Amino acid sequence: MMRGPIVQTEVEELMAVLGSQLEEGTEEFGKLAEERAIAEADYKERYWAALVRMVDEVGQRRTAAQRDAMASLMSKEEWRRYKLLEAREKAAQQYLITIRARLDSLRTMAANVRASGG
């Protein structure tokens with residue numbers, strides 16, 4: 001539904017809203033990135049500890065693939081948390097990219113409105 005020509009104040013209001021969303025999204029992205037990094041460290045610590053325990057077990061002969069599989073099973077919860085946070089982080093990053101693209105289009109609209117004397 002067209003209401004008429006867009007005016008500078010409308011563009012500026014939209015840019016302010018998107019600017020707030022970008023700021024909030026950036027803060028959320030930072031928190032997610034930190035949480036994901038901690039989850040990754042937790043996973044690796046659990047995985048490596050499992051490998052070390054298996055190596056320390058006397059009399060147990062396992063192939064490298066068996067040790068890897070067992071360590072993976074022992075650290076599966078940490079792996080799951082890490083991968084879920086990684087996916088959330090990527091989604092947050094895409095959200096920020098979308099906001100930036102919308103802001104870029106509004107900047108173009110604002111320039112066009114200024115050029116037309118609106």
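Cut-offs applied
Residues numbered from 1 in each chain as written. Predicted model: local features only at pLDDT ≥ 70, side-chain atom pairs only at ≥ 80, totals over all residues. Heavy atoms only, no water. Salt bridge = Lys/Arg side-chain N within 4 Å of Asp/Glu carboxyl O. Helix = DSSP H or I, 4+ residues; strand = E, 2+ residues; numbered from the N terminus. Buried < 20%, exposed > 50% of the residue type's maximum accessible area, 1.4 Å probe, protein only.

## A few points about the pattern of salt bridges
Moving on, step 1. Under the defined criterion, the tally for this structure stands at 8 salt bridges.
Moving on, step 2. E86 is the partner of K83 in a salt bridge, and the nearest nitrogen-oxygen pair spans 2.6 Å. Within this pair, K83 and its partner E86 are both found in helix α3 (residues 76-116), separated by 3 residues, close to a single helical turn.
Moving on, step 3. Overall, the relative accessible area of 34% leaves K83 in the partly exposed class.
Moving on, step 4. Here E86 falls in the buried class, since its relative accessible area comes to 16%.
Moving on, step 5. We note a salt bridge from D104 to R107, for which the minimum N-O separation is 2.5 Å. Of the two residues, D104 and R107 are both situated in helix α3; the distance of 3 residues between them amounts to about one turn of the helix.
Moving on, step 6. The exposure class assigned to R107 is partly exposed, which follows from its relative accessible area of 43%.
Moving on, step 7. Here the salt bridges share partners, and the residues they tie into one network are R36, E40, K44 and E89.

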